[in-house]
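Spelled out from the first residue to the last, the chains are:
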Amino acid sequence: MIRINEGIEISKIIEQNDLRIVKVYNKKWVTNKVSHPRAQKPGLAIAGYFKYLNRGRIQIFGKTEMGYLNQLDSKKREIQLKKFFAIKLPAVVVAENQEIDELIISIARKYKTPILISNLSSSLLTSRLCSLLFRYFSKKIKINGVLMDILGLGILIKGDSGIGKSETALELINKGYNLVADDLIEFYLNSNDEPIGRPIDKIKEWIEVRGLGIINIIDIFGAGALLEEKRLDMVVNLERWSTKKKYDRLGEGNLYFHVLGKDIPMFDIPVAPGRDLSTLIEVAVKYFISIKRGKKSFIEHLYGKEKK
Amino acid sequence: MIEEKVEIINKLGLHARAAAKLSHLANTFDSDIFIVFNEDKVNAKSLLGILTLAASIGNYISIIADGKDETRAVKEIKKLFDKKFDEES
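This is a predicted model, so every value here is computed, not measured. (Residues numbered from 1 in each chain as written. Chains lettered and ligands numbered in written order. Predicted model: local features only at pLDDT ≥ 70, side-chain atom pairs only at ≥ 80, totals over all residues. Heavy atoms only, no water.)

(A) Spatial organisation of the overall build of chain B. Along its length, chain B carries three helices and four strands. In terms of C-alpha radius of gyration, chain B reaches 11 Å, essentially the compact-globule figure of 12 Å for 89 residues. The principal-axis extent of the C-alpha atoms belonging to chain B is close to 35 × 30 × 20 Å. Here chain B holds 89 residues, and 47% of them are scored as buried. Considering only contacts in chain B between residues 6 or more positions apart, those separated by 24 or more positions represent 71%. Summing over all exposed atoms, chain B offers an accessible surface of approximately 4700 Å²; the carbon and sulfur share of this is 48%. Averaged over its 13 positive side-chain charges, chain B has a centre that lies 5 Å from the centre of its 15 negative ones. (Helix = DSSP H or I, 4+ residues; strand = E, 2+ residues; numbered from the N terminus. Rg over C-alpha atoms; globule rule 2.2 N^0.38 Å. Buried < 20%, exposed > 50% of the residue type's maximum accessible area, 1.4 Å probe, protein only. Contact = heavy atoms within 4.5 Å. Areas by Shrake-Rupley, 256 points an atom, 1.4 Å probe, with all protein chains shown as cover. Lys, Arg positive; Asp, Glu negative; His and termini not counted. Charge placed at Lys NZ, Arg CZ, Asp CG, Glu CD.)

(B) Just the packing of helix H3 (residues 74-85) of chain A against helix H4 (residues 102-110) of chain A, in detail. All names here are of chain A. Put simply, H3 and H4 touch, their axes get as near as 9 Å, and they point 35° apart. Regarding H3 and H4, the two cross each other, and that crossing is right-handed. Two secondary-structure elements touch here, H3 through Arg77, Glu78, Leu81, Lys82 and Phe85 and H4 through Leu103, Ile104, Ile107, Ala108 and Lys110. By residue class, the composition of the contact of H3 with H4 is six nonpolar, no polar and four charged. (Axes fitted to C-alpha atoms, helices over the stretch in contact; angles between N-to-C directions. Left-handed = near helix turned anticlockwise from the far one by under 90°. Nonpolar A, V, L, I, M, F, W, Y, C, P; charged D, E, K, R; others polar.)

(C) Highlighting the packing of helix H2 (residues 63-71) of chain A against H3 of chain A. Residues and elements named next belong to chain A. Between H2 and H3, the shortest axis-to-axis distance is 8 Å and the interhelical angle comes to 135°. As far as their axial angle goes, H3 and H2 are oblique. Between H2 and H3, the residues in contact are Tyr68, Leu69 and Asn70 and Lys76, Arg77, Gln80 and Leu81, respectively. Residue composition of the contact of H2 with H3, grouped by class: three nonpolar, two polar and two charged. (Parallel < 35°, antiparallel > 145°, perpendicular 65-115°, else oblique.)

(D) Representation of the sheet that holds strand S9 (residues 178-189) of chain A. Residue and element names in this part refer to chain A. The mixed open sheet is built from eight strands, whose spatial order is S13-S10-S9-S7-S8-S14-S16-S15. Every other strand in the sheet has two partners, leaving strand S13 (230-231) and strand S15 (255-259) as the edge strands with one partner each. Bridge analysis of strand S14 (residues 234-240) against strand S16 (residues 262-271) gives six bridges, and the strand direction is parallel. In the strand pairing of S16, Asn237 is matched with Asp268. Helix-sheet contacts for helix H5 (residues 122-137) involve strand S7 (140-150), S9 and strand S10 (195-199), and the interaxial angle to S9 is about 85°. Contacts from helix H8 (residues 277-292) reach S7, strand S8 (153-159), S14 and S16 within the one sheet, and its direction differs from that of S16 by about 145°. (Pairing = 2+ DSSP bridges.)

See the structure below:
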């Protein structure tokens, strides 16, 4: 069987601090690639049921797998291990810093499989590995706008160039909210199928304010003003005020923004002199939270929930 | 919508000052204008966006414009690339 060429290298996985990899055996093969977005606990596969074992998936040995292997008699143990590693898996990660013996290492070496030892429990290891792999394998899309954390929700501020997105973001940061990314945001779907936004590395921390140039958020507002990534909950679309366009006057709120196949609630907010955008957005977020908690909108207040 | 391919011929490529000139020019048009390089498509009116492309001398980029003044926009932007952003004589 040939190994898979597309995917994320094991060496990249070892580099992740939050996976707490403490030891690596068979280092020569860390160039193997994982080509499946979910980690797998082999479970019964170790006992010989290989049907659902996937060649591109990284395997996790928890207490169950190690416990089963350790209670087999030595002959059977060797046969099972050989059958298992002959599938040529990209790597095996052993959870909870469990000890592994020379036999496992040498059989793995024969089939070019690196073994990583992690300090984490297998459930935590599985969830962190999956979220890392999902970020890598997910469809990605770049969107123009500003992504902020306001009252714990991820808010994307969109609008034409020059309408004042960055300036509004600056006001919101000044009020104590956190910036995720200005100008270009990369979205991916996490393991819960939610769109998550991240900054582009090259322009992370920087924000363009016309008249001032490009300024560094951390230098000016401190490290607390910036977040690494955030789930997208709501979109605010800033538009030049037009007398022709009908704005939502009754708060019926049925606009959606499409990203990676998901529909995210959106508000169109017209921009005109004298409208304090940062306060408007803050209130829009609070309103959104209250509706989500089941509070009545004005229409529902007048006519009841059903007649809407 | 129109699209045109342009070669970058100035020494420093799409560096900060050139990108500033480009986004400044793009902002004078009503059309939506994008610059495409490799897999990336960015808004030409956004300076930071252009800078993420890191396009350098010898690279080809595409200018895409969509709107009332799209023809003029593409022509003027191409001209800016062709005259090396007024940096070299």
